[in-house]
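Structural description and commentary
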Amino acid sequence: MNQDKSAALFARSKNVIPGGVNSPVRAFGAVGGTPVFIARASGPHIVDVDGNSYIDYVGSWGPMILGHAHPQVTEAVQKAASEGLSFGAPTKREAELAELMIAAVPSVQKVRFVNSGTEATMSAIRLARGFTGREKVVKFAGCYHGHSDLLLSQAGSGVITFGLPDTPGVPKEAVRATLTAPYNDLTALEHLFDESGSEIAAVIIEPVAGNMGVVPPEPGYLQGVRELTRRHGALLIFDEVMTGFRVHYGGAQSLYDIEPDLSCFGKIIGGGMPVGAYAGQAEIMAHVAPEGPVYQAGTLSGNPVAMAAGIATLRLLQQPGVYEQLETTSARLAEGLQQAAQENDIPVQLNRVGSMSTLFFTDQPVRDFASSERSDGQRYALFFHEMLKRGIYLAPSRFEALFTSLAHSGQDIETTIAAARQAMAAIAR
Ligand code: HOZ
């Protein structure tokens, strides 16, 4: 497979962009080799600048649940763009997208749009602190909530991929009030609350962790977290940037039947455009300026083109059978990947919730950051490249998710499984 043009573009980009990329994991640092530069995409396929086509399981890290360049989303974007790109003034589409989200997610009564998941979580924490008058925040090791200072403590995604637990530039003071606990461990969280319960403003959690690879919550865990936060007067924030409208139309909170106080969204609600949102009960959201005193603002927030993409995407996700189709496709892929590993005596764990999954190269269950880290990174890197050679594009890090979309056909899945059989055989040698 010729990737000369990608290699040349990478060299050129490295001269003008740190590491040649605008988000670290894209640089292929964890798997080696040169990142593939994408020229265009359609449905389940992405095509690189050398003309190689791949079945894509990154899906822009989650937003492309309908597949790439869905005609109805593209049409909505083009219409909105032709009417003006940005006004810095309110528009009807903002109310429309907020209404769709409120109708979908039971705990959400009001929504504030921002431009990224990072902004959403950062603003939700500020709101939780403003609302409770407390400062401390609990997060979980291996969970990633974007790159704001206070949430970079023991973070997942690129932070683990590149082994940067203490990012220079984050003042100690900024993380002084951030407490961390292991995921899926209620006893540890209980201890934190025993020690500092009256100072904890919020617990922020990915209800299905997706940034230490996919790690589902164990039965009763999220209920336990909800109960503890309530008992101690702390807010529960669900970071549904990945899971929102992905694992269920109403997010992970609908799947597991838990009502957090605040929720953060991104990815799918922007249909591929840069959008984030924080949302929750009206009483809490009433503290956000200008209704309340907690300040947060943005020139491009609620951007009309981004809102149009989000509205079109959510409307398409309301069609009957959509999540059933995602489940069927994802389950078949998971089964096929596991079989391919088994046939070659390669121990793997496949963690999956709906259309997000991770194949870990380990014989031990992966239930938290420590067990995720024990998976074999070198083997993942080999597998990644064997798949890439065969036209399958997976996340270039073992600490990310594989996303299936509605555009992946049964044939795409079988092609992927056939490639996985060959790839596993190649790395077993
Ligand atoms: N940290 C992101 C995934 N969890 C990667 C974002 C990107 O490189 O686009």
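Here, every reference points to the structure presented above.
Scope of this entry: the structure provided in the associated data block. (Residues numbered from 1 in each chain as written. Predicted model: local features only at pLDDT ≥ 70, side-chain atom pairs only at ≥ 80, totals over all residues. Heavy atoms only, no water.)

1. Some remarks on the overall build of the protein
We apply this condition: Only DSSP runs of H or I reaching four residues or more are called helices, and only runs of E reaching two or more are called strands; each is numbered from the N terminus. Using C-alpha atoms as the atom set, the radius of gyration is obtained and then compared with a globule rule of 2.2 Å times the number of residues to the power 0.38. Partly exposed describes any residue whose relative accessible area lies between the buried limit of under 20% and the exposed limit of over 50%, with all areas from a 1.4 Å probe on protein chains only and scaled to the type maximum. In short, Shrake-Rupley with a 1.4 Å probe defines the accessible areas, and a residue's cover is counted only from the protein chains shown.
A count of helices and strands for the protein gives 15 helices and 14 strands. Relative to the globule expectation of 22 Å for 429 residues, the C-alpha radius of gyration of the protein, 21 Å, shows essentially globular dimensions. Taken along its principal axes, the extent of the C-alpha atoms in the protein is 60 × 55 × 45 Å. Expressed as a percentage of the 429 residues in the protein, the buried residues total 57%. In the form shown here, the protein has an accessible surface area of approximately 17500 Å², with 52% of it arising from carbon and sulfur atoms.

2. Comments concerning the sheet that holds strand β2 (residues 45-48)
Keep this limit in mind: Here, strands pair whenever DSSP counts at least two bridges between them.
The mixed open sheet is built from 4 strands, whose spatial order is β1-β2-β3-β13. If you trace the sheet from one side to the other, it starts and ends with β1 (38-42) and β13 (392-393), each paired once.

3. Here's the deal with the packing of helix α14 (residues 377-389) against helix α15 (residues 410-428)
Operational definition: Only the stretch in contact is used when fitting a helix axis, every axis being a line fitted to C-alpha atoms; angles between N-to-C directions are given from 0 to 180 degrees. Reported orientations rely on four angle classes, namely roughly parallel under 35 degrees, roughly antiparallel over 145, roughly perpendicular from 65 to 115, and oblique for the rest. Rotating anticlockwise by less than a right angle from the far helix to the near helix defines a left-handed crossing, while the corresponding clockwise rotation defines a right-handed one. For this analysis, residues touch if any pair of their heavy atoms sits within 4.5 Å. Any residue outside Ala, Val, Leu, Ile, Met, Phe, Trp, Tyr, Cys, Pro, Asp, Glu, Lys and Arg is labelled polar, Gly included; the first ten of those are nonpolar and the last four are charged.
Running from N to C, α14 and α15 point in directions that differ by 130 degrees, and their axes come no closer than 9 Å. Considering the angle they form, α14 stands oblique to α15. Crossing of α14 over α15 shows right-handed handedness. Where α14 approaches α15, its residues R379, L382, F383, E386 and M387 are matched on the opposing element by T416, A419, A420, A423, M424, A426, I427 and A428. Split into classes, the residues belonging to the contact of α14 with α15 amount to 10 nonpolar, 1 polar and 2 charged.

4. A short note on empty space enclosed by the protein
To keep it simple, the criterion reads: The pocket and cavity definitions rest on a 1 Å grid over protein atoms only: a 1.4 Å probe that fits but cannot leave marks a cavity, an open set with protein on both sides within 12 Å along at least five of seven lines marks a pocket, and residues lining either have an atom within 4 Å of a point. Grid points are joined across faces, edges and corners, and a volume is the space filled by probe spheres set on the points.
The tally for this structure, following the rule as stated, stands at 2 cavities of 30 Å³ or more. Together, 14 residues line the largest cavity, and T358, L359, Y380, L394 and L402 are the ones closest to its centre. Counting only elements with at least two residues in the lining of the largest cavity, the list comes to β12 (356-360) and α14. With 3 residues, β12 is the single largest residue contributor to the lining of the largest cavity. What the second largest cavity holds in volume is close to 80 Å³.

5. Quick look at the site of the ligand
What counts is decided by this rule: Here a residue is near a molecule or strand as soon as one of its heavy atoms is found within 4 Å of it. In protein, a polar contact requires one atom able to donate a hydrogen and another able to accept it; more generally it is a pair of N or O atoms within 3.5 Å, and residues adjacent in sequence count only if both atoms are side-chain atoms.
The environment of the ligand is made up of S23, R26, W61, Y144, S157, N211, M242 and E400. At 3.0 Å, a side-chain N or O of S23 approaches an oxygen atom of the ligand. Between the ligand and W61, the relevant distance is 3.1 Å, taken from an oxygen atom to a side-chain nitrogen or oxygen of the residue. Protein chains shield 87% of the accessible area of the ligand, which is 290 Å² for the free molecule. Taken together, the residues that form the shell around the ligand break down as 3 nonpolar, 3 polar and 2 charged.

6. Quick word on the packing of aromatic side chains
To be explicit about the condition: Only Phe, Tyr and Trp rings take part, Trp by its six-membered ring, and two of them pair if their centres are within 6.5 Å. Stacked means planes under 30 degrees apart, edge-to-face means over 60, and tilted covers everything else.
Going through the model one piece at a time under the given rule, you end up with 10 aromatic pairs. Taking 5.1 Å as the distance between ring centres and 90 degrees as the angle between the ring planes, the aromatic pair formed by F28 and F384 counts as edge-to-face. Of the two residues, F28 is situated in the loop between α1 (4-16) and β1 and F384 in helix α14; the sequence distance between them amounts to 356 residues. With a relative accessible area of 1%, F28 lands in the buried category. For F384, a relative accessible area of 0% puts it in the buried group. Each residue in the set F140, Y183 and Y221 is aromatic and connected to the rest through ring pairs, giving one cluster.

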